[in-house]
Amino acid sequence: MSNTPIIELKNLSKSYPVAGKSFYALKDVSISFKKAEFTGVVGPSGSGKTTLLNIIGSLDSPSSGTALVLNNNISELTHSQAAKLRNHHIGFIFQVFNLLPVYTVYENVEFALLLQNFSAEKRKKMVLEALEWVGLQDHKDKKPDKLSGGESQRVAIARAMVKSPKILLADEPTANLDAENAHSILKTMKTLNKELDTTFIFSTHDEKVMKYLSRTIVLKDGKIDKERANKSRT
Amino acid sequence: MINFLIKGILRDRTKSLIPICVITIGVSITVFMAGFVKGVMSDFVSTTAKLDSGHLKIMTKPYYENKDQIPNDLAILNLSMLTRTLDSSFPNLKWVPRIKFGGILDVPDKNGETILQGPGIGLGIHLFDKSKGELARLSINKSLIRGSIPNSPDEIILSESFSRKLKVNPGDLVTYFGATMEGSMVFESFKMSGTVNFGNPVLDKSTFIIDFNEAQKILDMENGTGELLGFFNNDIYDDVSSLKIEKSFNASYENSSDEFAPIMVSLRNQNDLGSTIDLINTFSSIFIFIFVLAMSMVLWNTGLIGGLRRFQEFGIRLAIGESKRHVYFSLLIESFFIGLIGSSIGTFLGVSFCYYMQENGIDISAALENSAIIFPSVLKAEVTPDLFYIGFIPGLLSMVFGSSLSGRGIFRRNTANLFKELEV
Ligand SMILES: Nc1ncnc2c1ncn2[C@@H]1O[C@H](COP(=O)(O)OP(=O)(O)O)[C@@H](O)[C@H]1O
Ligand SMILES: [Mg+2]
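What you see is a predicted model; the values in this text were computed from it and never measured.

Caption draft 1: Representation of the overall build of chain B in the model. A tally of helices and strands in chain B yields 15 helices and twelve strands. Relative to its length of 424 residues, chain B is extended, with a C-alpha radius of gyration of 31 Å against a globular reference of 22 Å. Across its three principal directions, the C-alpha atoms of chain B cover 100 × 55 × 30 Å. By residue count, 52% of the 424 residues in chain B fall in the buried class. Of the contacts formed within chain B by residues at least 6 apart in sequence, a portion of 76% connects residues at least 24 apart. Carbon and sulfur atoms make up 60% of the accessible area of chain B, which amounts to about 20,300 Å² in all.

Caption draft 2: Local environment of the overall build of chain A. Looking only at helices and strands, one finds seven helices and ten strands in chain A. By the compact-globule yardstick of 17 Å for 234 residues, chain A fits well, its C-alpha radius of gyration being 17 Å. The principal-axis extents of the C-alpha atoms in chain A amount to approximately 50 × 45 × 40 Å. For chain A, with 234 residues in total, the buried portion stands at 53%. Sequence-distant contacts, at least 24 apart, represent 71% of the contacts inside chain A between residues at least 6 apart. When the accessible surface of chain A is summed, it comes to about 10,700 Å², and 48% of that surface belongs to carbon and sulfur atoms. If you average the places of the 33 positive and of the 25 negative side-chain charges in chain A, the two averages end up 3 Å apart.

Caption draft 3: View of the side chain of B:E322. All names here are of chain B. By secondary structure assignment, the location of E322 is in the loop between α11 (273-320) and α12 (324-359). A distance of 2.8 Å separates a polar atom in the side chain of E322 from a polar atom in the side chain of R317. Side chain to side chain, E322 and H326 meet in a polar contact 2.7 Å long.

Caption draft 4: Summary view of the pattern of salt bridges. Residues and elements named next belong to chain B. For the coordinates displayed, the defined rule picks out 24 salt bridges over all chains. The salt bridge partner of E134 is R137, with a shortest N-O separation of 2.7 Å. Taken together, the residues E134 and R137, both in helix α5 (residues 134-137) and three residues apart, mark about one turn of the helix. Comparing E134 with R137 shows no difference in burial state: the two are buried.

Caption draft 5: Here's a closer look at the sheet that holds strand β1 (residues 5-18) of chain A. All names here are of chain A. With antiparallel pairing, four strands are arranged side by side in an open sheet as β2-β1-β4-β5. With one partner strand each, in any of the chains shown, β2 (21-34) and β5 (72-73) form the two edges of the open sheet. Both β1 and strand β4 (residues 64-69) contribute to a ladder of five bridges, which runs antiparallel. What sits directly across from I7, in β4, is V69. Here helix α1 (residues 49-56) sits on the sheet and contacts β1, β2 and β4; the angle it forms with β1, its principal contact strand, is near 125°.

Caption draft 6: Examining the site of ligand 1 more closely. The immediate surroundings of ligand 1 are formed by 13 residues, with A:G46, A:G48, A:K49, A:T50 and A:T51 found nearest. At the site occupied by ligand 1, the surrounding residues belong to chains A and B. At 2.7 Å, a backbone N or O of A:G46 approaches an oxygen atom of ligand 1. Computed on the free molecule, ligand 1 has an accessible area of 560 Å², of which 73% lies beneath the protein chains in the complex. Sorting the residues of the shell around ligand 1 by element identifies β2 and α1 of chain A together with α15 (415-423) of chain B as the ones contributing at least two each. Per-element tally for the shell around ligand 1: the top contributor is α1(A), with three residues. Here the residues of the shell around ligand 1 sort into four nonpolar, seven polar and two charged.

Caption draft 7: How the structure looks around the interface of chain A and chain B. Of the residues lining the interface, 34 residues belong to chain A; the matching set on chain B comes to 25 residues. Here chain A and chain B share an interface that buries about 2,600 Å² over both sides, 65% of which is from carbon and sulfur atoms. If you look at where chain A meets chain B, you find two salt bridges. For A:E107, the salt bridge identified is with B:K7, shortest N-O distance 3.0 Å. On the surface where chain A and chain B come into contact, there are seven residue pairs in polar contact (both at pLDDT 80 or more). Those elements that place two or more of their residues in the side of chain A that touches chain B are β1, α1, α2 (79-89) and α3 (105-111) of chain A. If you tally residues by element for the side of chain A that touches chain B, the top one is α2(A), at six residues. A breakdown of the residues in the side of chain A that touches chain B according to their chemical character gives 16 nonpolar, eight polar and ten charged.

Caption draft 8: Local environment of the nonpolar core. Of all hydrophobic cores here, the largest spans 48 residues; its most connected members are B:I58, B:L86, B:W95, B:I156, B:L158, B:Y176 and B:M264. Here this core gets seven residues from one element, more than from any other, and that element is strand β2 (residues 93-108) of chain B. Each of two domains, domain 1 (2-48 + 275-423) and domain 2 (95-224) of chain B, supplies a minimum of three residues to this core. Those residues in contact with B:I156 that sit more than four places away from it in its chain are B:L105, B:P150, B:V174, B:F190, B:K191, B:M192, B:S193, B:G194, B:F208, B:I209 and B:I210. In terms of nonpolar packing, the next biggest core, distinct from the first, is built from 44 residues, A:L100, A:V155, A:A170 and A:L177 among them.

Caption draft 9: Helix α10 (residues 239-252) of chain B, seen in detail. All names here are of chain B. Over its 14 residues, α10 extends 21 Å from the first C-alpha to the last, a length consistent with the 20 Å expected when each residue adds 1.5 Å. The inward-facing, buried residues of α10 contact β1 (56-60), α4 (79-89), β2, β9 (227-232) and β10 (262-266). The N-terminus of α10 is capped by D238, whose side-chain oxygen sits 3.1 Å from the backbone nitrogen of V240.

Each value, and the rule that gives it
Residues numbered from 1 in each chain as written. Chains lettered and ligands numbered in written order. Predicted model: local features only at pLDDT ≥ 70, side-chain atom pairs only at ≥ 80, totals over all residues. Heavy atoms only, no water. Helix = DSSP H or I, 4+ residues; strand = E, 2+ residues; numbered from the N terminus. Rg over C-alpha atoms; globule rule 2.2 N^0.38 Å. Buried < 20%, exposed > 50% of the residue type's maximum accessible area, 1.4 Å probe, protein only. Contact = heavy atoms within 4.5 Å. Areas by Shrake-Rupley, 256 points an atom, 1.4 Å probe, with all protein chains shown as cover. Lys, Arg positive; Asp, Glu negative; His and termini not counted. Charge placed at Lys NZ, Arg CZ, Asp CG, Glu CD. Polar contact = N/O pair within 3.5 Å; in protein donor to acceptor, adjacent residues only side chain to side chain. Salt bridge = Lys/Arg side-chain N within 4 Å of Asp/Glu carboxyl O. Pairing = 2+ DSSP bridges. Axes fitted to C-alpha atoms, helices over the stretch in contact; angles between N-to-C directions. Near = heavy atom within 4 Å. Nonpolar A, V, L, I, M, F, W, Y, C, P; charged D, E, K, R; others polar. Buried area = accessible area lost by both parts, 1.4 Å probe. Core = buried A, V, L, I, M, F, W, Y, C linked by side-chain atoms within 4.5 Å. Domains from an automatic or database assignment. Expected span 1.5 Å × (residues − 1).

If you want it as structure tokens, here you go:
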């Protein structure tokens, strides 16, 4: 079971019209991801990492090629089907601006559950549990502006994970963090990856992240440059 | 979800307080201006009606054609019969005769020698016949400055400024010099009982008032009157029905061979009042339209300025799995309620302020000192039913309209771009 890919990209390209010509942010990318992977997409700025994650997350659609995510062809989804896919199965963490400033930590996490019909009681249980995963139970009533960068990213993780998604996409989650916070966040994510069998896909160009990855995909100018599996860690 | 969005609105001032303030201000100003224009307008109409034109006025045709000269030789001479006919034909109107007449008031010393004299306009109105309601209509009691209202036919009231000019005080004697309707000389002594100030520059200049019956008598106008004024029983000028009445009355005299046949003229058709009314109404409509437009622009901008902050919110909501349509509609509903709140408060404030201005008003008599038209010297607002929607609906619509436009702007972008905007 765990060997069947849950994400399959075939000859995926994404181009933008720039100055009358097509500029390829992604070019002929073919790759697949299996359940419970902990994979990093690595590459310099502008190499297409964000574009790749956004297509997998159905926030964007490919110009050509196919992207199959949990058996959904991303190009063929309607807006509301894509929304539903995200709602139930995909969690996002961004580099910055993850949290809504007017809501408390608790509410930010709860937000992810409101579109599904959980009872208030169930929601509360789930939110508190998610906050426990990231060690922020005591901060649940704070507003985001009272949190450090590391804490904010932890809340973002809690919000992305609270619905136990099949896939978690994190776009340079440690880029704005110091080493200590970066490591602690990576550890948290790694733990969740193991406990919940969620497939984690990162984009990063942060060296600190590399050693946590079980698989690394290197992007360069929108193409896969090389790929390696890291066997080193347990 | 709804609770959640409401919480967000309440906590984020750029979503709630600021647009609510903009709408409140815009709506209240619109409402107030509308009420103010209305109030001044209807005050203007009702003052004109009471002091001069009536809601309808009957004169003989030749009198009407020369009315500036107050030609009492062309007066109506079958007053009682005419009044009876009118009472039965138009039961919702009340008819009161008034005689205007020119002449000189002379102030004699003990020996009858003239101390001072000056030309004035006399007004013969029913002072003693309560059923005619003239005292109330001209609010003579309220306008009284010195002395009292006449108690007998040989008493006279002067406008305050005329009495000052003639240096007479209540109790003093004045002599009226003038002519009867046939042209013979008249001089008649009156005791001045008091002075009035109508708050109307035209009337306040050099008017004197005596009882209608007395005026008939000294001017030799038995069963006659210069003018016969009609007032709707509810005291409110009704443009449409007054025109109808005017038409039907005049139709009945169309083929009359009598050169002194009466003619009825509605308030609208007297002294070009109609075009003044229309002009003011047009201006106020244009004003309100422009105001609503400006308010929409401001709201739209408020929406757009909030937009960048909202990219973040929308981006996160979309990423979490809300559909575009859901986000968009929640934005519209949100702005609908913000508009509702702002418009309600704005309407409430506007109407309250109008009400205050209806009860109080601004005194502009100083500015009108030398004005030639009858115009109220205290500007008042008026609370009418349409004030409750004239600002409310545009306030609501402009908010929804503004955010639907700014919302569309955001939604035309690719979803992914919402996030790229955030990357900075
Ligand atoms: N909407 C767009 N229009 C034009 N070019 C774009 C657009 N979005 C991204 N790009 C370009 O595509 C390339 C890849 O972008 P991105 O996926 O954001 O790279 P990364 O996340 O690796 O920095 C960049 O060169 C970027 O300028
Ligand atoms: Mg990027």
